[in-house]
Amino acid sequence: MSPGVKTKRAGWIKHADRISIDEYWQMDSAMEGKCLACGDIRSMCEPDARWYLCDSCEQYAVHGPHEFLMMDLVTEGADE
Ligand SMILES: [Zn+2]
């Protein structure tokens, strides 16, 4: 992974990009990914997808639930 990607990623991640553990399992079973740029859910996404193209904002920012876990973006509670 290049340093450039890391910088880009850090710039995108907002508090709102976190998912709950419930969403994690939902995304995992439904094969969904979430866009870090606009927050939209994309279907037909592998659980470990990284930098998939988002249909909504046309940025390569969709990540599968496993990647959210890796980036420490999965919260314990349903609320936060
Ligand atoms: Zn998007």
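The rules behind the values
- Residues numbered from 1 in each chain as written.
- Predicted model: local features only at pLDDT ≥ 70, side-chain atom pairs only at ≥ 80, totals over all residues.
- Helix = DSSP H or I, 4+ residues; strand = E, 2+ residues; numbered from the N terminus.
- Contact = placed C-beta atoms within 7 Å.
- Pairing = 2+ DSSP bridges.
- Buried ≥ 20, exposed ≤ 12 C-beta atoms within 10 Å, placed from the backbone.

**Examining the overall build of the protein chain**
Next up, step 1: Looking only at helices and strands, the protein chain features three helices and six strands.
Next up, step 2: Traced from its N-terminal end to its C-terminal end, the protein chain shows the element sequence α-β-α-β-β-β-β-α-β.
Next up, step 3: The contacts of the protein chain with a sequence gap of at least 6 include a subset with a gap of at least 24, amounting to 34%.

**So, the pairing of strand E5 (residues 60-63)**
Next up, step 1: Looking at chain direction, strand E2 (residues 33-35) and E5 are connected through two bridges and run antiparallel. Residue pairing across strands places lysine 34 opposite histidine 63, the latter belonging to E5.
Next up, step 2: Pairing of strand E4 (residues 52-53) with E5 involves two bridges; the strand directions are antiparallel. Within E5, the position partnered with leucine 53 by the bridge is tyrosine 60.
Next up, step 3: Here E4 folds back onto E5 in antiparallel fashion, the turn holding six residues, of which glutamate 58 has a positive phi close to 60 degrees.

**As for the sheet that holds E5**
The strands making up a sheet associate through hydrogen bonds between their backbones, and the pairing can be parallel or antiparallel.
Next up, step 1: Taken together, the four strands give an open sheet; going across it, the order is E3-E2-E5-E4, and neighbouring strands pair in antiparallel fashion. The sheet is open, and its two edges are formed by strand E3 (41-42) and E4, each paired on a single side.

**Describing unusual backbone geometry**
Next up, step 1: A positive phi angle, close to 60 degrees, is found at glutamate 58, a residue other than glycine.
Next up, step 2: Along the chain, glutamate 58 turns up in the loop between E4 and E5.
Next up, step 3: Taking the C-beta count within 10 Å as the criterion, glutamate 58 has 10 such neighbours and is therefore assigned exposed.
Next up, step 4: Of note, the phi angle at aspartate 72 is positive, near 60 degrees, even though the residue is not glycine.
Next up, step 5: Within the secondary structure, aspartate 72 sits in the loop between helix H3 (65-70) and strand E6 (74-75).
Next up, step 6: A count of 9 C-beta atoms within 10 Å places aspartate 72 in the exposed class.

**Considerations on the environment of histidine 66**
Next up, step 1: Looking at where histidine 66 falls in the secondary structure, it is placed in helix H3.
Next up, step 2: Considering only alpha carbons, one finds histidine 66 and glycine 33, 33 residues apart in sequence, at a separation of 9.4 Å.

Take it as geometry only, folks, not as evidence of what the structure does.
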